[in-house]
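# Summary of the model geometry
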Amino acid sequence: MDLTADTHIQYLKGVGPKLGDVLRKRGVGTVGELLEWFPRGYEDRRKARSIASLEADQIVSIEATIINVRSVQMGRSHRKMYEVIIGDTTGKIACKYFRVPYRGYFERFSTHQKVRVAGKVTLYRSRLEFHHPDIQPIFEDDVTAEDKLIPIYTETEGLSPFKLRKLMEVAIEELVAKQKAIREVFPQWIREKYNLLTRAEALKLIHQPPPQAGEEFLNFISPAQRRIIFEEFFWLELYMTIEKMGIKRESAPAFLKGSALAKKLENSLPFQLTGAQKRVFEEIYQDLCIPHPMHRLVQGDVGSGKTLVAFMSACVAKESGYQTALMAPTEILAEQHFKNAEKFLAPLGVRVGLLIGHLKAKEHREICEQLANPEIDLVIGTHALIEDTVEFKNLGLVVIDEQHRFGVEQRNKLKKNIYPHFLVMTATPIPRTLAMTVYGDLDISTVDELPPGRTPIVTRKTFASKRDQVFSFMKEQIDKGRQAYVIYPLVEESEKIDLKDAVSEFESLKKRFPDLNIGLLHGKMKSDEKDAIMNEFRENKIHVLVSTTVIEVGVDVPNANIMIIEHAERFGLSQLHQLRGRVGRGEFKSYCVLVLGYAVSEDSIHRADVIESTNDGFKIAEADLEIRGPGEFLGRRQSGLPGFKMANLVRDISILKDARSAAIELVSIDPELVKVENSLMKAALREHQKSIVG
Ligand code: ADP
Ligand code: MG
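Residues numbered from 1 in each chain as written. Chains lettered and ligands numbered in written order. Predicted model: local features only at pLDDT ≥ 70, side-chain atom pairs only at ≥ 80, totals over all residues. Heavy atoms only, no water.

## Details of the overall build of the chain
Note the cut-off: Helix and strand definitions follow DSSP, with helices as H or I runs of at least four residues and strands as E runs of at least two, each counted in order from the N terminus. Here the term buried applies to any residue with accessible area under 20% of the maximum for its type, exposed to any over 50%, and partly exposed to those in between, with areas from a 1.4 Å probe on protein chains only.
The helix and strand inventory of the chain stands at 23 helices and 21 strands. Taking all 694 residues of the chain together, the buried fraction comes to 55%.

Put into structure tokens, the structure is as follows:
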């Protein structure tokens, strides 16, 4: 039987039923999918080294003997770290694991065993060590131990690296040798213009680097790797390009030019708009006057005044006879926007409504009636806005605040039968290159200026052992009439341990400061409880608000000038910056104290340094992206970002740009992909689309 990329993996020579199961569990169902299991690195056996000769940041492979395997409790947390100490005649080095690759991973090892260890040498507290290296027992049958680059695949239980490499060999022999079995989706002109190997050539090289392969393979910049990375980006860019074109063709209401109402709002403000606010509003306004839907992302650092820009846009909608829906990620935030809208917009005759989940059935019904009549021009709410029972009379503009909490799906749900304009606002600034990838279907405006007169927040990191000093500093501020936030991490709303931390902190603060009013806010509370606490805090009846990250976005209490973030090491950089943005909103000098837990890594300290050293959200976002990678940075589920197999948005930006221009060029020549030379492309896009939008 002739093998193709679509052949069931079971039929590959050397794959029995048991191994077939192992592979399927790992998402490999066909021979083609096996070939897309890319090495996560290469081991350069041409320069096996001694431990004494290792230097920081080298990617190396060494042969050594296991001296000890042990697990260590990390600080007070419930997590464990594993340590494998290895040695050769020249010295010893520790291999550290902060998570277990799979159950039984460490049980495979015994002392005196000979192993090969491959990974990056890391300097930690002036010592060299490996973090999560690849450790393999050296077996007699591993005859590949010659002088070449050996691909390293992510460890899988039930499949030794040796066996996997053998399977790859067979698959390549079967498929790549018979070129027709590997589909080439790119037309000749794209391959020539962008200097791309064929897919078959690339796959072979990636799994079997030639003997002369150099550093470029180790660094994933070889032509073979470039071809695969280009293709991964290409699907995403092609999808975005076609999507964007489709949106531009839809029709939407064209709003009136020269809005008097927006001007009136501007004149009624107790302050001047910043130049950036004016410019961004102009950019939005131009879109709104075109009879095609706007899809615009407004990004701007915390406190840059995005809400007002949205309010001005709502004025234009109202004047043009359309309704606006403003959707916020939390009820707290929705209510805050509602209060501001009542303050700024109601006096101008804009009728404002609030629609959130916990309204009584009657109130809910009333709001819905008012929306249908229509007696509401601007409705502010949460997810409740996208329920099917909510009918608008003539929805013309949808504003989504803090985009990163919303998925594409929800965005689409708001389209309903007519197509409103979309304005998406985010305070998690995204480096431009990444933004154009993730939001390739959106136009982008940036509010790159803060209102004048803000004193920058002073940020300091400290350690849990200094907590007493931190709290007495907090007390001083409160004695001056200010208020404080104390933030606890709550990674998942369901993590009971974390919640207990916040609650016990709350109890211990009450004991520590019996004369202060201390409030507690967390995601498990009912919304009216949350509201009550938030209102008391706003009215300065609560001095210290202990909170989990529910406070993260948008909340505005100018009198609060100090924020203490416990276990700061557990937050992402952008999240810390967001949190910090809750203070520094008034006239008072503001402080943010990052309290690092016990036994934090050098890395965590470095991250805290970044926050300490800059207040620029864009710089922080770039650093965050670099440290965590795009998947985690954006939060995979919300981002709509496909999991790339080889591409890396930080490392491969220039390839991304090429893929993007190729996609745009292709679509401009053949918008519907109907040309014969693009037929494979069209089918492949449909397949990839699932991973992009799904
Ligand atoms: P964000 O961009 O983080 O959503 P907000 O819209 O919440 O920021 O604005 C933060 C605060 O700044 C609000 O209290 C708002 O009234 C105020 N503000 C907005 N624009 C200006 C301005 N041009 N000058 C002074 N204060 C402003
Ligand atoms: Mg905001």
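## Overview of the site of ligand 1
Worth spelling out the cut-off: To be near a molecule or strand, a residue needs just one of its heavy atoms within 4 Å of it. Polar contact criterion, stated in full: a pair of N or O atoms within 3.5 Å, where within protein one must be able to donate a hydrogen and the other to accept it, and residues adjacent in sequence count only if both atoms are side-chain atoms. Exposure was quantified through the Shrake-Rupley algorithm and a 1.4 Å probe, taking into account, for residues, occlusion by the shown protein chains and nothing else. Following the grouping adopted for this structure description, the nonpolar residues are Ala, Val, Leu, Ile, Met, Phe, Trp, Tyr, Cys and Pro, the charged ones are Asp, Glu, Lys and Arg, and the polar ones are all others, Gly among them.
Close contacts around ligand 1 come from 17 residues, with Gln272, Gly303, Lys306, Thr307 and Arg454 the closest. A distance of 3.4 Å separates an oxygen atom of ligand 1 from a polar backbone atom of serine 304. With respect to ligand 1, the side chain of threonine 307 contributes an N or O atom lying 2.6 Å from an oxygen atom. Here ligand 1 has 570 Å² of accessible area as a free molecule, and 84% of this is covered by the chains. Take the shell around ligand 1: its biggest share by element is 3 residues, from helix 10 (residues 306–319). Considering only residue class, the shell around ligand 1 consists of 5 nonpolar, 7 polar and 5 charged.

## Points about the side chain of glutamate 129
Where we set the bar: Between two residues, a contact is recorded if the distance between any of their heavy atoms is within 4.5 Å.
Secondary-structure assignment places glutamate 129 in strand 6 (residues 127–131). In terms of polar contacts, glutamate 129 uses its side chain to reach the side chain of lysine 96, at 3.1 Å. Separated by 2.7 Å, the side chains of glutamate 129 and histidine 131 make a polar contact. Beyond its immediate chain neighbours, meaning those up to four positions away, glutamate 129 contacts Ile93, Ala94, Lys96, Lys120, Val121, Thr122 and Tyr124.

## A short note on the nonpolar core
Quick reminder of the rule: Nonpolar cores were defined as sets of buried Ala, Val, Leu, Ile, Met, Phe, Trp, Tyr and Cys residues, with membership established by side-chain atoms within 4.5 Å.
Core analysis: the biggest nonpolar cluster contains 68 residues, and Leu12, Leu23, Leu34, Phe230, Phe234 and Leu238 have the highest contact counts within it. Of all the elements in the fold, those that place two or more residues in this core are helix 1 (17–25), helix 2 (31–35), helix 3 (161–175), helix 5 (199–207), helix 6 (215–218), helix 7 (223–249), helix 22 (653–669) and helix 23 (679–693). Setting aside chain neighbours within four positions, we find phenylalanine 234 in contact with Phe186, Ile190, Ala659, Ala662, Ala663, Leu666 and Met681. Grouped together as the second largest cluster of nonpolar side chains are 44 residues, Tyr285, Phe311, Leu326 and Leu423 included.

## Regarding the confidence of the model for the chain
As a reminder of what qualifies: The predictor attaches a confidence to each residue, and that confidence, scored 0 to 100, is pLDDT.
Confidence in the prediction of the chain, expressed as mean pLDDT, is 85, and 88% of residues score 70 or more. Every residue in residues 491–495 scores below 50 in pLDDT, and together they form 6 contacts with partners more than four places removed in sequence or on other chains. Of the regions scoring below 50 in pLDDT, residues 636–640 engages in 10 contacts with residues more than four places distant in sequence or in other chains.

## A closer look at the sheet that holds strand 14 (residues 421–426)
Under the convention used in this document: Pairing between two strands is assigned when DSSP locates at least 2 bridges connecting them. Here, axes are lines fitted to C-alpha atoms. For helices the fit covers the stretch in contact, and angles between N-to-C directions go from 0 to 180 degrees.
Taken in spatial order, the 7 strands of this open sheet run 11-12-10-13-14-9-15, and their pairing is parallel. What marks the edges here is a single partner per strand, and that holds for strand 11 (352–355) and strand 15 (443–447). Direction aside, neighbouring strands of the sheet carry axes that sit 20 degrees apart on average. Pairing geometry for strand 10 (residues 323–327) and strand 13 (residues 395–401), over 5 bridges, is parallel. Bridging across to strand 13, methionine 327 finds its partner in isoleucine 400.

## Focus: the packing of aromatic side chains
Heads up, the rule is: Between 30 and 60 degrees the pair is tilted, below 30 it is stacked and above 60 it is edge-to-face, where a pair is any two Phe, Tyr or Trp rings, Trp via its six-membered ring, whose centres lie within 6.5 Å. Working rule: Lys NZ or Arg CZ, within 6 Å of ring centre, within 35 degrees of ring normal, means a charge sits over the ring.
If you walk through the whole model with that rule in mind, you get 18 aromatic pairs. When the ring of tyrosine 105 is compared with that of phenylalanine 109, the centres are 5.8 Å apart and the planes differ by 85 degrees; the resulting orientation is edge-to-face. Comparing tyrosine 105 with phenylalanine 109, the two get one shared label, buried. Above the face of the phenylalanine 588 ring, arginine 482 is positioned so that its terminal group lies 3.5 Å from the ring centre.

## Observations regarding the sheet that holds strand 16 (residues 458–463)
With parallel pairing, 6 strands are arranged side by side in an open sheet as 16-21-20-17-19-18. On the outer flanks of this sheet lie strand 16 and strand 18 (518–521), each paired with one strand and no other. Pairs of neighbouring strands in the sheet enclose a mean axial angle of 20 degrees, with direction left out of account. Looking at chain direction, strand 18 and strand 19 (residues 544–547) are connected through 4 bridges and run parallel. Among the inter-strand pairings, leucine 520 is bridged to a residue of strand 19, identified as valine 546. Of the strands in this sheet, strand 16, strand 17 (483–487), strand 19, strand 20 (560–566) and strand 21 (591–596) touch helix 15 (residues 467–479), which is tilted by about 165 degrees from strand 20.

## Considering the packing of helix 9 (residues 275–288) against helix 10
Stated formally: In this scheme, a crossing is called left-handed if the near helix is turned counterclockwise away from the far one by less than a right angle; it is called right-handed if the turn is clockwise.
Close contact between helix 9 and helix 10 brings their axes to 10 Å; oriented N to C, the two are set at 35 degrees. Where helix 9 crosses over helix 10, the handedness of that crossing is right-handed. Contact with helix 9, carried on its side by Gln277, Val280, Phe281, Ile284, Tyr285 and Leu288, involves Leu308, Val309, Met312, Ser313 and Val316 of helix 10 and no other residues of that element. Partitioned by chemical class, the residues of the contact of helix 9 with helix 10 number 9 nonpolar, 2 polar and no charged.

## Focus: the environment of isoleucine 564
Secondary-structure assignment places isoleucine 564 in strand 20. The sequence separation of isoleucine 564 and leucine 579 amounts to 15 residues, and the corresponding C-alpha distance is 9.9 Å. With sequence-adjacent residues up to four places away left out, isoleucine 564 is seen in contact with Val470, Phe471, Met474, Tyr485, Val486, Ile487, Val593 and Val595.

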